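Breakdown of the fold
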Amino acid sequence: MIDFSKNYFDLFGLPVAFLLDAGALAERYREVQKVVHPDRYASASEAEQRHALQQATRVNEAYETLREPLKRAMYMLELNGVDTSQETATTRDGAFLMQQMELREALAEVPGQDDPLARLDDLMVEIASLIKAQVAQLAVQFESGTAEQLEAARESVSKMQFLNKLHHEAESLEAELEEMV
Amino acid sequence: MALLQIAEPGESSAPHEHKLAAGIDLGTTNSLVASVRSGQAATLPDQQGEHILPSVVRYTADEVIVGEQARAAAVSDPLNTIASAKRLIGRAVGDIKSLGEKLPYHFADVDSAVPRIETAAGNVSPVEVSAEILKVLARRAEKTLGGDLTGVVITVPAYFDDAQRQATKDAATIAGLNVFRLLNEPTAAAVAYGLDHEADGVHAIYDLGGGTFDISILRLNKGVFEVMATGGDSALGGDDFDQVVAEWMMRQAGIPGDSDHSVLRALAAQARDAKEALATQESVELNVELADGGSWQGALTRDQFNELVDPLIRKTISACRRALRDAGVSTDEVRDVVMVGGSTRALRVREKVGEFFDTTPLTNIDPDRVVAIGAAIQADVLAGNKPEGEMLLLDVNPLSLGIETMGGLVEKIIPRNTTIPVARAQEFTTFKDGQSAMAVHVLQGERELVSDCRSLARFELRGIPPMVAGAARIRVTFSVDADGLLHVEAEEQSQGVKANVEVKPSYGLTDNEIAGMLKSSIEHAGEDMAARKLAEQKVEAARVIEALSAALASDGDELLNAEERVTVDQALAELKQLAETSQDDKSLKAGIEALEAACGFYVERRMDSGIRKAMAGHKVEEFE
């Protein structure tokens, strides 16, 4: 059976690294699912069906963890023994927190603007570029892998959580605005 | 003299047996059954040559009539003729009451979570009505194919929630069918088109049926169909088009809304005819008979019709926009749009959908049959008739799943559009000192408030050891299987108290109710329950023996050492012996379970070996 002590990178035969080839990951994911998916065992015994269900579930979890940069970063911190639970998810970066407040204010003011959807689009582009910048930082931090750099990665992860939440709120607002049109 | 055939070592001596399987499109208005024969998937007609079975069931004192004959009686006998049962399946009594004003049926006042409709043949649930339709289709397939079906694939709207899926599966159980898989309708349509075109890329499936609307965005890549996002409205369809047209006619003709049921049914039927006529002509003449013996004459033009239905079409386009966002793709990345469902015959729908996706929608497979054809192809694959590795569907859960937390809020545990099968866990804690029980309320939906989501189930975790508030760690695990069905488990971590809970939807039938319905359905058919159970276990035993023998022939020598091989062979021989002699289903079932337990390690080893083989072509260096 799939060795549960094996990490997700090993499962897909990929090196443990933050930068990964998304195309190769997707291809290997599909290949593994072709072996373990319950549809392959629809006519098999109940025991096999149960086992296939467990394996396919695990493979989906592994794929989703590696596919998304934030989840991948958190997973790599976990592999390195760094706690990323909610209690420690903070940042002391004053400039970053100030920028967050400004972005939140800007988001709150969107509905009152002349062209709210265009304004919202600008904001979403800005948030997306900030997320991208954090992803680039994470790549450098994990590449180095020293204790300080891993601590810096933990902080980058916290910042990405803030930014992702903001982006999610912007998306909800966009859906609301579109409903009203 | 016939020569004795000797097979190559390692090859099965029996020629590959084609297993009979069928795909069933259980629709709101119409249902179909299809099967793959000589490599071709096609819908199967009845003896009169009709492929489409109207999803209408009429109950009289001494018989159950399904299909066209029942539909013809809908106007004359509205109370005993159940149409659109799919709209009621998996719904609570309360849900139905809110729909109730539009429905002509009398709902019985019974002590059950599932609504019952009063008919001349007694009270029936929507699940039983659906089971009658499934029985007719399965019988048609067995007659045409000349044998018993090993299994079926039944399609459901992608937007069906857990209760509606479970109820559909219950209907199949009552009809005595083995369900390989519940398959989302748009995914089925994609399969029907995908295998025709071999078209890798992103596709949108726009499925507007009689009572439901689904939109799916999926990517096809070397035989793997990956659903990226799905959305829709489980209570919007062509019936609503008829409804707005009927309401327009009532306003024009001055017919009051509280008119007799048969008047309303006749109007709805006339509205549907008008809608269908407008697909080919610019205007349609209407003639409505009034209660006072007079009549109203008028005309409905295509422009007027478009104006009436545009708000409904707009709702579907909004759902398309949301699904694209969830999938993370823009309209120009979508290669083509597949049209499914009879309601996509309306020209206005094609026009508006084409406008939105900026492409001419695909309509070359009959939109009424495409779902059944896709289901038949998948049933054929699942029955094991296709060579391995040819096709795989990776579907998603359509609606977010979560539990109620403090203040009537929903905490999402599995967000919508997560690839299934999936399992996710979340930890919760107690909020009072010494709290010994915790109520778990399972919900489905996208909104934040409990009151805006669909309640799926409630259960209690009891026997939590006394601890100070916040010390207990209660882990709630949600798992969704390949049918899209949810299972929930709760466990107190620190002391290991596991209140294992089999979640049955609040609105579902209980196991006893299902057993009772199955029993009465069998008795009705003059079968013996015990004989049937034994026969079922014999089939299961044969299946297990065959699967294991085939596995041993292909890799038994490679994966098992001599000692292990003896154990497995012995266990296999014991079940073979038991299968021949057993006279009761329970002992045979225990025998099957014993074999499965003895071979568990082998099953796991085979799957692991399969993964290693799949990954063997790749080396880590590729990425360096």
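Residues numbered from 1 in each chain as written. Chains lettered and ligands numbered in written order. Predicted model: local features only at pLDDT ≥ 70, side-chain atom pairs only at ≥ 80, totals over all residues. Heavy atoms only, no water.

1. Here we look at the interface of chain A and chain B
- Counting residues at the interface gives 48 residues for chain A and 48 residues for chain B.
- Summed over both partners, the interface of chain A with chain B buries about 4,200 Å², with 56% contributed by carbon and sulfur atoms.
- Area buried by chain A at its contact with chain B is led by A:Arg30, A:Asp39 and A:Arg40, which between them contribute 15% of it.
- Joining chain A to chain B, the criterion identifies five salt bridges. (Contact = heavy atoms within 4.5 Å. Buried area = accessible area lost by both parts, 1.4 Å probe. Salt bridge = Lys/Arg side-chain N within 4 Å of Asp/Glu carboxyl O.)

2. Points about the nonpolar core
- Membership of the largest hydrophobic core comes to 56 residues, with the highest contact counts inside it found for A:Phe12, A:Val36, A:Leu120, A:Leu138 and A:Phe142.
- In this view, A:Leu138 contacts A:Phe18, A:Ala73, A:Ala153, A:Ser156, A:Val157 and A:Met160; residues no more than four positions away in its chain are not counted.
- In this structure, B:Ala246, B:Val284, B:Leu308 and B:Met339 belong to the second largest nonpolar core, which totals 49 residues. (Core = buried A, V, L, I, M, F, W, Y, C linked by side-chain atoms within 4.5 Å. Buried < 20%, exposed > 50% of the residue type's maximum accessible area, 1.4 Å probe, protein only.)

3. Quick word on the sheet that holds strand S24 (residues 437-444) of chain B
Residue and element names in this part refer to chain B.
- Pairing within the open sheet is antiparallel, and its four strands lie in the order S21-S20-S24-S25. Each of the sheet's edge strands pairs with one partner strand only, and the pair in question is strand S21 (409-414) and strand S25 (454-462). Each neighbouring strand pair of the sheet contributes to a mean axis angle of 30°, computed without reference to strand direction.
- Sheet topology places strand S20 (residues 401-405) next to S21; five bridges connect them, and they run antiparallel. Bridge assignment links isoleucine 403 to a residue of S21, and that residue is glutamate 411. (Pairing = 2+ DSSP bridges. Helix = DSSP H or I, 4+ residues; strand = E, 2+ residues; numbered from the N terminus. Axes fitted to C-alpha atoms, helices over the stretch in contact; angles between N-to-C directions.)

4. Points about the packing of helix H12 (residues 529-559) of chain B against helix H14 (residues 585-615) of chain B
All names here are of chain B.
- At a closest axis distance of 10 Å, the pairing of H12 and H14 adopts a crossing angle of 30°. Judged by the twist between their axes, the crossing of H12 over H14 is left-handed.
- Here the residues of the contact of H12 with H14 sort into twelve nonpolar, four polar and eleven charged. (Left-handed = near helix turned anticlockwise from the far one by under 90°. Nonpolar A, V, L, I, M, F, W, Y, C, P; charged D, E, K, R; others polar.)

5. Notes on the environment of B:Glu276
Residue and element names in this part refer to chain B.
- Inspection of the secondary structure assignment puts glutamate 276 in helix H7 (residues 261-277).
- Looking at glutamate 276, the relative accessible area reads 47%, which means it is partly exposed.
- With 71 residues separating them in the primary sequence, glutamate 276 and leucine 347 have C-alpha atoms 10.0 Å apart.

Fair warning: the whole summary comes from geometry, so function is off the table for now.
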